[in-house]
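Working through the structure, step by step
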Amino acid sequence: MAEEEPRKKINTYVINQIPRPTCDVEFIPLPFYNTIYTIMVKPVAIYYAPAYKPGLEQPQEHTSFDYEFKLPELIESMINEKKGNLQLQIRFGKELPGMSELSEGLPEPITFYINSHENIAKNSPIDYYCSAFELLNDTKNKITILWPHCKTPYYMMINIVEPIIIEDVVKRIQFNNKLCCTKQRAKAKIIAFLKNAKKKSDAEGCNMGTTLDLSLLCPITKLKMELPARSVKCSHLQCFDLRGLFSLNTIKPTWKCPICNVRILINELFLDSFLLDVLNTPSLPESCSKILFYKNGNWESYIEPKKEINDCNDDDSEPMLTN
């Protein structure tokens, strides 16, 4: 049996005191977590500080940042009661030009230690279950970050959080939708949109039709929507599937509308009750991917004609409309 190769020793330069907090930057709140306790009130700067030591020709490969903290008794008791739920969350991000919110991420995989337990992180945020290591109230807890050579300054934030189940967020939005949004109100918005668009086209000398095409397919999943949703900031009527949005952002958390690119917050999402009613209409054909909405409030399903290879002119084919 071949012997395991010895692990390469990492040369580090230790900074005993972490830099002072910076107040003009912030992380975007993560929608699937409840912050239970804020260990760092503000993000702190973390950066590579090259240093030479006697006998070494090259500078140190990493800068070591140490951060010590002590949890209050209340938080300690909560951790003991919910060992399987509460997490220590470490976030990293860098500044982008013209933005006060940090862009989440790491320059490369990093090595870090939590109370002497070694870990490697490839992405941010880092979620570490509190039950996996000791967070004792009567002793200080220590986090050590081995930061790689990187010219761009990054920022770090540490919290105790509790994960939220995605389906619970979906149910909450569905419940709020029943209280605040009605099918009649959603339908009236589409009618008003058509009227305003018609007035604008008349003023510009254009000839706009009296119908509006609404796709039933989610722009994210390319499948028929189940829960058509938008943000209150969106000015368009086209929707995306709520679960599709959540699935996308669990993989790549950009939290932007896939249609208009506006920033999305969970508490600003709502379901389009009219389109939801259309999707649940028993007579809606399974193959229908779009509806035509008329200015009088009526709508029809639209089915793309099948393209057949024959001697006939394709321009003679007509779309199928069903009630």
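So, a few notes on the structure that sits alongside this text. Please read all numbers here as calculations on a predicted model, not as lab measurements. (Residues numbered from 1 in each chain as written. Predicted model: local features only at pLDDT ≥ 70, side-chain atom pairs only at ≥ 80, totals over all residues. Heavy atoms only, no water.)

Here's the deal with helix H4 (residues 242-251)
Within the sequence span of H4, burial applies to Leu 242, Gly 244, Leu 245, Phe 246 and Asn 249. The N-cap residue of H4 is Asp 241: its side-chain oxygen and the backbone nitrogen of Arg 243 are 3.2 Å apart. (Buried < 20%, exposed > 50% of the residue type's maximum accessible area, 1.4 Å probe, protein only. Helix = DSSP H or I, 4+ residues; strand = E, 2+ residues; numbered from the N terminus. Polar contact = N/O pair within 3.5 Å; in protein donor to acceptor, adjacent residues only side chain to side chain.)

Considering the pairing of strand E13 (residues 228-231)
Alternating positions in E13 separate into two faces, Pro 228 and Arg 230 on one and Ala 229 and Ser 231 on the other, with burial throughout. Looking at chain direction, E13 and strand E15 (residues 269-271) are connected through three bridges and run antiparallel. Within E15, the residue paired with Arg 230 across the bridge is Phe 270. (Pairing = 2+ DSSP bridges.)

Brief notes about the sheet that holds strand E14 (residues 240-241)
Across the sheet, which stays open at both edges, the three strands sit in the order E14-E13-E15 with antiparallel pairing between neighbours. The open sheet has two edge strands, E14 and E15, and neither has a second partner.

Points about helix H1 (residues 73-81)
Every α-helical turn comprises 3.6 residues, leaving residues that sit three or four positions apart pointing alike. Every buried residue belonging to H1 is among Ile 75, Glu 76 and Ile 79, and all of these are buried. Each buried residue of H1 sits inside an arc of 105° when the element is viewed along its axis, so together they form one side. Among the exposed residues of H1, those oriented more than 90 degrees off its buried face are Glu 73, Leu 74 and Glu 81. (Arc of directions from axis to C-beta.)

Observations regarding the pattern of salt bridges
Where charged atoms from two side chains of opposite charge come close, those side chains can pair. Taken as a whole and judged by the stated rule, the model has eight salt bridges. Note that Glu 167 and Arg 243 form a salt bridge whose closest N and O atoms lie 2.7 Å from each other. Of this pair, Glu 167 sits in helix H2 (residues 166-180) while Arg 243 sits in helix H4, and the two are 76 residues apart along the sequence. Judged by relative accessible area, which is 28%, Arg 243 ranks as partly exposed. Counted as one network, the salt bridges with shared partners bring together Glu 167, Glu 226 and Arg 243. (Salt bridge = Lys/Arg side-chain N within 4 Å of Asp/Glu carboxyl O.)

Thoughts on the nonpolar core
Core analysis: the largest hydrophobic core is formed by 37 residues, its most contacted members being Leu 216, Phe 240, Leu 242, Phe 246 and Leu 269. Among the elements of the structure, H2, helix H3 (183-203), strand E12 (211-215), H4, E15, helix H5 (273-279) and strand E16 (290-294) are those that each provide at least two residues to this core. (Core = buried A, V, L, I, M, F, W, Y, C linked by side-chain atoms within 4.5 Å.)

Re the side chain of Thr 111
Structurally, the position occupied by Thr 111 is in strand E7 (residues 110-114). For Thr 111, a relative accessible area of 13% translates into the label buried. Those residues in contact with Thr 111 that sit more than four places away from it in its chain are Glu 118, Asn 119, Ile 120, Thr 144, Ile 145 and Leu 146. (Contact = heavy atoms within 4.5 Å.)

Considering the packing of aromatic side chains
The relative placement of two aromatic rings is captured by the distance of their centres and the angle of their planes. All chains considered together, the criterion is met by seven aromatic pairs. Aromatic pair Phe 92 and Trp 147: ring centres 5.5 Å apart, planes at 25°, arrangement stacked. With a gap of 55 residues between them, Phe 92 in strand E5 (residues 87-94) and Trp 147 in strand E10 (residues 141-148) connect regions that are remote in the sequence. We classify Phe 92 as buried; its relative accessible area is 0%. By relative accessible area, which is 0% here, Trp 147 ends up buried. Through pairs of rings, three or more aromatic residues link up here, namely Phe 32, Phe 246 and Trp 255. (Phe/Tyr/Trp six-rings, centres within 6.5 Å; stacked < 30°, edge-to-face > 60°.)

As for unusual backbone geometry
Of note, the amide linkage connecting Ser 124 to Pro 125 takes the cis form, showing an omega dihedral of 5°. Although it is not a glycine, Ser 116 sits at a positive phi angle of roughly 75°. Structurally, Ser 116 is set in the loop between E7 and strand E8 (117-121). Judged by relative accessible area, which is 71%, Ser 116 ranks as exposed. Even without a glycine there, the phi angle at Asn 261 is positive, about 70°. Within the secondary structure, Asn 261 sits in the loop between H4 and E15.

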